[in-house]
There are 2 protein chains.
Amino acid sequence: MPGHHTDTHFEYLRDDEAFQELLRHLAEIADLQSTAALLGWDEQVMMPGGGRESRADQKATLQRLIHERRTSERMGELLELLADRELPYDSDEASLIRVTRREYQRLKKVPQALVVELSRAASDGYHCWLKARQDNDFRVFQPALERIYQLHRELADALGYEEHPLDALVDAIEPGLRTADLERIFDALRTELVPMVRTISQHLDRVDDSILRQHFERNKQLLIGRKAVEKIGFDFHRGRQDISVHPFTIALSPADVRYTTRVNEHDFAQCFFACLHEGGHALYAQGIPERFRRTPLRAGASAGFHESQSRLWENLVGRSLQFWEYFLPEMKEVFPTQMKDASAEMIYRAVNKVQPSLIRVEADEVTYNLHIMLRFELEKAVYDAQLTIADLADAWRDKMRSYLGVEPSSDLEGILQDIHWSGRFGACFQSYTLGNIIAAQLYCKVLEQHPDLPEYFRKGDFSPLLSWIREKIHAHGAKFTPEELLLKATGERLTTRPYLDYLKTKYSQVYNVEL
Amino acid sequence: MPGHHTDTHFEYLRDDEAFQELLRHLAEIADLQSTAALLGWDEQVMMPGGGRESRADQKATLQRLIHERRTSERMGELLELLADRELPYDSDEASLIRVTRREYQRLKKVPQALVVELSRAASDGYHCWLKARQDNDFRVFQPALERIYQLHRELADALGYEEHPLDALVDAIEPGLRTADLERIFDALRTELVPMVRTISQHLDRVDDSILRQHFERNKQLLIGRKAVEKIGFDFHRGRQDISVHPFTIALSPADVRYTTRVNEHDFAQCFFACLHEGGHALYAQGIPERFRRTPLRAGASAGFHESQSRLWENLVGRSLQFWEYFLPEMKEVFPTQMKDASAEMIYRAVNKVQPSLIRVEADEVTYNLHIMLRFELEKAVYDAQLTIADLADAWRDKMRSYLGVEPSSDLEGILQDIHWSGRFGACFQSYTLGNIIAAQLYCKVLEQHPDLPEYFRKGDFSPLLSWIREKIHAHGAKFTPEELLLKATGERLTTRPYLDYLKTKYSQVYNVEL
């Protein structure tokens, strides 16, 4: 009998034996998953190079045990037994059973051997990617990526799909969404963003960000990043900040949430906005109710919803004028020389400089989604057999030129910049764009109810925003599909309107142009 | 079918299906154990305070899965099937089967629920111990310790014993050794050490260690500790140095070995000798052959043998005159002011100052074993129902006064100083004394073959010693019992003679007295 004691508040089915057994199974799975998460965090943040081989073994073994348990016969029987329980749809119990069943039915289709192979390919891929970055040569990574693509293709086939193989991979992280939906969303964005970038590009020199390009000492950057994340509400008793090659966030529990950042001593924005971005993810993770801890409800609603939280704090808050009106004195304290002549307006304009550029994570809000589109289209072309992995780097260059008018001079500035493909190929990036869109919808809604929110920012008080988000989003964990949750929180379905309006309003003001 | 591929060199039984299946089972167990080790390392070194509850869950779940696998029916069947294979006793294959069978037969007697309870009690105990240290109050820790003792008492009863309940716990970490053996060893030491301490105590002022009691900056201490450990042969590409409340070493694989230290800015010896001590453990772990990686042979021969390695590098090397003849220039570079007037002889004498004192890990070589005896006798008295946990702090004080003539003024200087009882009560400390004895036996033997070893130390070359130890000890992993291994390496059984001779020779010279 797995599990020990389970501190939950699932009152409806307190005396239901099948449900209690399900909880024990899920607790065991959650323990293994959070342990696997620690293996991953440690690998990227702490592990000495020599640990690589045994780490791949450890991860593969954990993934196998997790998959075994998530698809066990007993799990199927318990779900069967629980099928007839009459419960309110919104209740924790109904949601838990619903989410568990959805995952069970999806994973049941995946052979265990494939799960192990995916884990091993990702371990290998990560280290090949690191090596390729060192050598600045995509060809070092190419064989690993081909393997990763092949395995994800197999995964898509195993999961099944009606229209497009990528649907199977998209659905796993954005329940209910299809490739065709994404294409419609990207079309809508493309229509407005491409002309917007073109217009602004004629006036790039209207914004000067040289103030951010001075020398900022590493430890002080880490300190002020930490300070900002603490200020927006992150509890460091229940989490950590560290450094990794590619920033990420991981939750071992709502009370042990770890995010990472990285530092460029000649570009203040990189570390700072990585902190706010990951800090947004981390706030979501800390906001999950404790009673969901050892259940699948402890996750967010979807990858896109998770990105909505990171982009909300990074952009809608962190790149607002009011934020800098509050935060500039903190900056001046840590960087008195660099900030000697700075005004909040000056920093606000600098952090919103539009610049068609090469690196996604450093892209401004206007060009950002073009980076995502490019990646989405390349993945789709590979799945549609219109492009091979071998030709991916060239195709990347072509698309960069056509969308952004810039071209990477090396793989490091191009195809090797993101960690994502080191472990997965297919449906890797759309969440960022979904996140931008959802963040704008949520922010639009919260402003309706709290029009004075920016005034609070100006005073360094982010709690009204956090409270609203905690109540409307975090409190529900993974109970609802993204569509359901968005409807609940805003009364609307996914729509690009608030996001495009936000961009137009902000950037026509910053650049003093009509958009 | 557990496991994936297993890179081993077990040639004898390459085509033996049962053996290959056993290897796969053992690989899975090893992966889970090294993952559990990471959970422990992270808890002591990295985890934010909030992670405590979920970490206890994760550890308990892992321990349960490990125990399930180590005692599974299939494991029993495989061992049965393999019972008739004719193999040389010394072969990897025979040793692997022998060690696996020994562990299987021992663990089979332990109920799974007890394993889980022990894990949870240790998680709880660790945090209560930390809290008690903060409050400097044993009573904060007492209830947790009572629970830990009760569970270990149950464990001893489950394992069974002929003479004394502690035998069951001793045998688990020192295969073949009994409580009565330990009492004989301690008697032999007591007879000679108590008069030795008494004699030296009349001349304590003959050695001045004030040079070590200056201010040594934290980061520089960490740096020079790291340098020393690297110099004796530790490979930092395959390991790390970190900081924790109580120094320890953990091996996630021979290529991922992590040790910790701690710093007192007003006592140079603490951090430095913790580094050398843990560095000794860490060298043992890095010296285990790669082919043993995912098998039970990857461990050391016993806890005592592990301590022999730490004490060897800490004391026989690190507190030798020749070591300091080599290392003083390194010291002068990092601490030019503090070391301005230092000579190797001065440091050598300082690091060998005898001082009856309160803290075991800071104790000199002469008084050290009295600290161990005290703990062993207290544990035994509790198991013999002559002492309760509630009276332990008082009994500690009494024994300190009688053995060492000093008395702790607080629990922090007394019963709360060691981490060991936070997770285990019974047979926790004897390994240190066994380690001292074995280290002296090994060193005596290697000197027979390489009498010029100290001359190599003087040149900063520790490789002749390391090579000998690697070949005679590390290369065998856990293949042999401590008794077998000691016989193989030295041609002798365990004997206190070399150790007592070493102490007499060294300290009669340092203190210029007859011992």
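Residues numbered from 1 in each chain as written. Chains lettered and ligands numbered in written order. Predicted model: local features only at pLDDT ≥ 70, side-chain atom pairs only at ≥ 80, totals over all residues.

### With respect to the overall build of chain A
So, point 1. Of regular secondary structure, chain A possesses 20 helices and three strands.
So, point 2. Compactness check: chain A gives a C-alpha radius of gyration of 23 Å against a globular reference of 24 Å for 515 residues, within 12% of the reference.
So, point 3. Based on the C-alpha atoms only, the size of chain A along its principal axes is roughly 65 × 50 × 45 Å.
So, point 4. For chain A, with 515 residues in total, the buried portion stands at 49%.
So, point 5. In chain A, the proportion of contacts linking residues at least 24 apart, taken out of those at least 6 apart, comes to 72%. (Helix = DSSP H or I, 4+ residues; strand = E, 2+ residues; numbered from the N terminus. Rg over C-alpha atoms; globule rule 2.2 N^0.38 Å. Buried ≥ 20, exposed ≤ 12 C-beta atoms within 10 Å, placed from the backbone. Contact = placed C-beta atoms within 7 Å.)

### A short note on the packing of helix α1 (residues 17–45) of chain B against helix α3 (residues 73–81) of chain B
All names here are of chain B.
So, point 1. Two elements in contact, α1 and α3, have axes separated by 9 Å at closest approach and are oriented at 145°. Relative to α3, α1 is oriented so that their crossing is left-handed. Two secondary-structure elements touch here, α1 through Ala18, Glu21, Leu22 and His25 and α3 through Met75, Leu78 and Leu81.
So, point 2. Class assignment for the residues of the contact of α1 with α3 results in five nonpolar, one polar and one charged. (Axes fitted to C-alpha atoms, helices over the stretch in contact; angles between N-to-C directions. Left-handed = near helix turned anticlockwise from the far one by under 90°. Nonpolar A, V, L, I, M, F, W, Y, C, P; charged D, E, K, R; others polar.)

### As for the domain arrangement of chain A
The extent of an interface is frequently quoted as the accessible surface area lost upon association of the parts.
Residue and element names in this part refer to chain A.
So, point 1. What the domain assignment reports for chain A is domain 1 (17–167) and domain 2 (179–511).
So, point 2. For the side of domain 1 that touches domain 2, the element with the most residues is helix α1 (residues 17–45), which contributes 11 residues.
So, point 3. Considering only residue class, the side of domain 1 that touches domain 2 consists of 22 nonpolar, 10 polar and eight charged. (Domains from an automatic or database assignment.)

### Considering the relation of the copies chain B and chain A
Each copy of the chain is related to the other by a rotation around an axis and a translation along that axis.
So, point 1. Between chain B and chain A, the superposition needs a rotation of 180° and an axial shift of 0.0 Å, giving an RMSD of 0.0 Å. On this basis, the relationship between the two copies can be described by a two-fold rotation axis.
So, point 2. Mapped onto chain A, 100% of the interface residues of chain B are again interface residues, and the two copies thus contact each other with one and the same surface. (Least-squares fit on C-alpha atoms with pLDDT ≥ 70 in both.)

### Points about the packing of helix α9 (residues 218–232) of chain A against helix α10 (residues 268–286) of chain A
Relative placement of two packed helices is described by the angle separating their axes and the distance separating the axes.
All names here are of chain A.
So, point 1. Packing of α9 against α10 brings their axes to within 9 Å, and their N-to-C directions diverge by 30°. The angle between α9 and α10 places the two elements in the roughly parallel class. Once α9 is placed against α10, the crossing between them reads as right-handed. On α10, the residues touching Gln221, Leu222, Ile224, Gly225, Arg226, Ala228, Val229 and Ile232 of α9 are Phe268, Cys271, Phe272, Cys275, Leu276, Gly279 and Leu283.
So, point 2. Considering only residue class, the contact of α9 with α10 consists of 11 nonpolar, three polar and one charged. (Parallel < 35°, antiparallel > 145°, perpendicular 65-115°, else oblique.)

### Quick notes on the interface of chain B and chain A
So, point 1. With 34 residues of chain B at the contact, the number on the chain A side is 34 residues.
So, point 2. Of all elements in the fold, only α1, α2 (52–70), β1 (239–243) and β2 (249–253) of chain B reach the threshold of two or more residues within the side of chain B that touches chain A.
So, point 3. Examining the composition of the side of chain B that touches chain A, we find that eight residues originate from one element, α1(B), more than from any other.
So, point 4. Its residues assigned to classes, the side of chain B that touches chain A comprises 12 nonpolar, 12 polar and 10 charged.

### Remarks on the pairing of β2(B)
Residue and element names in this part refer to chain B.
So, point 1. In terms of residue burial, β2 counts as a mostly covered element, since five of its five residues are buried.
So, point 2. Bridge count between β2 and strand β3 (residues 256–261): four bridges; the pairing is antiparallel. Bridging from a neighbouring strand, Ile250 pairs with Arg258 of β3.
So, point 3. The antiparallel pairing of β2 with β3 creates a hairpin that spans two residues between the two strands. (Pairing = 2+ DSSP bridges.)

### Here we look at the sheet that holds β3(B)
All names here are of chain B.
So, point 1. Judged by pairing direction, the sheet is mixed, and its three strands sit side by side in the order β1-β3-β2 without closing on themselves. Each end of this open sheet is capped by a strand with a single partner; those strands are β1 and β2. Averaged over all neighbouring strand pairs, the angle between strand axes comes to 20°, with direction disregarded.
So, point 2. Bridging between β1 and β3 involves five bridges; their strand directions are parallel. Within the sheet, the bridge partner assigned to Gly239 lies in β3 and is Val257.

### A closer look at the environment of Asn436(B)
Residue and element names in this part refer to chain B.
So, point 1. With respect to the element layout, Asn436 can be found in helix α16 (residues 430–449).
So, point 2. The class of Asn436 is buried, set by 27 C-beta atoms lying within 10 Å.
So, point 3. Through-space distance from the C-alpha of Asn436 to that of Glu307 is 7.3 Å; in sequence the pair is 129 residues apart.
So, point 4. If we skip the residues at most four places from it in the chain, Asn436 touches Arg311, Asn369 and Tyr499.

### Here's the deal with the sheet that holds strand β2 (residues 249–253) of chain A
Residue and element names in this part refer to chain A.
So, point 1. Strand order in the open sheet formed by three strands is β1-β3-β2, with mixed pairing between adjacent strands. Taken across any chain shown, the strands that pair with only one partner, and hence form the sheet edges, are β1 (239–243) and β2. Geometrically, the sheet is characterised by an average inter-axis angle of 20° between neighbouring strands, direction not taken into account.
So, point 2. Running at roughly 140° to β2, α1 makes contact with β1, β2 and β3 (256–261) of the sheet.

### A word on the nonpolar core
As a rule of thumb, soluble globular proteins bury nonpolar side chains together.
So, point 1. Grouped together as the largest cluster of nonpolar side chains are 292 residues, with contacts concentrated most on Phe272(A) and Phe272(B).
So, point 2. The contacts of Phe272(B), once residues within four sequence positions are left out, are Gln221(B), Ile224(B), Gly225(B) and Ala228(B). (Core = buried A, V, L, I, M, F, W, Y, C linked by C-beta atoms within 7 Å.)

### Details of the confidence of the model for chain A
Residue and element names in this part refer to chain A.
So, point 1. In this model, chain A carries an average pLDDT of 96, and 98% of its residues clear a pLDDT of 70 or more.
So, point 2. Taken as a whole, residues 1–7 scores under 50 in pLDDT and shows 13 contacts with residues more than four places along the chain or in a different chain.
So, point 3. Overall fold confidence for the complex sits at a pTM of 0.95, while the interface term, ipTM, reaches 0.94. (pLDDT = per-residue confidence, 0-100.)

### Digging into the environment of Asp208(B)
All names here are of chain B.
So, point 1. Mapped onto the fold, Asp208 is located in the loop between α8 (179–201) and α9 (218–232).
So, point 2. Judged by the 12 C-beta atoms lying within 10 Å of it, Asp208 falls in the exposed class.
So, point 3. For the pair Asp208 and Met346, spaced 138 residues apart in sequence, the C-alpha to C-alpha distance is 8.3 Å.

### A few points about helix α14 (residues 365–383) of chain A
All names here are of chain A.
So, point 1. Here α14 spans 28 Å end to end across 19 residues, near enough to the 27 Å set by a 1.5 Å rise per residue.
So, point 2. Of all 19 residues in α14, 16 are buried, a share of seventy percent or more.
So, point 3. Of the residues one or two after α14, Ala385 is the one with positive phi, at around 60°. (Expected span 1.5 Å × (residues − 1).)

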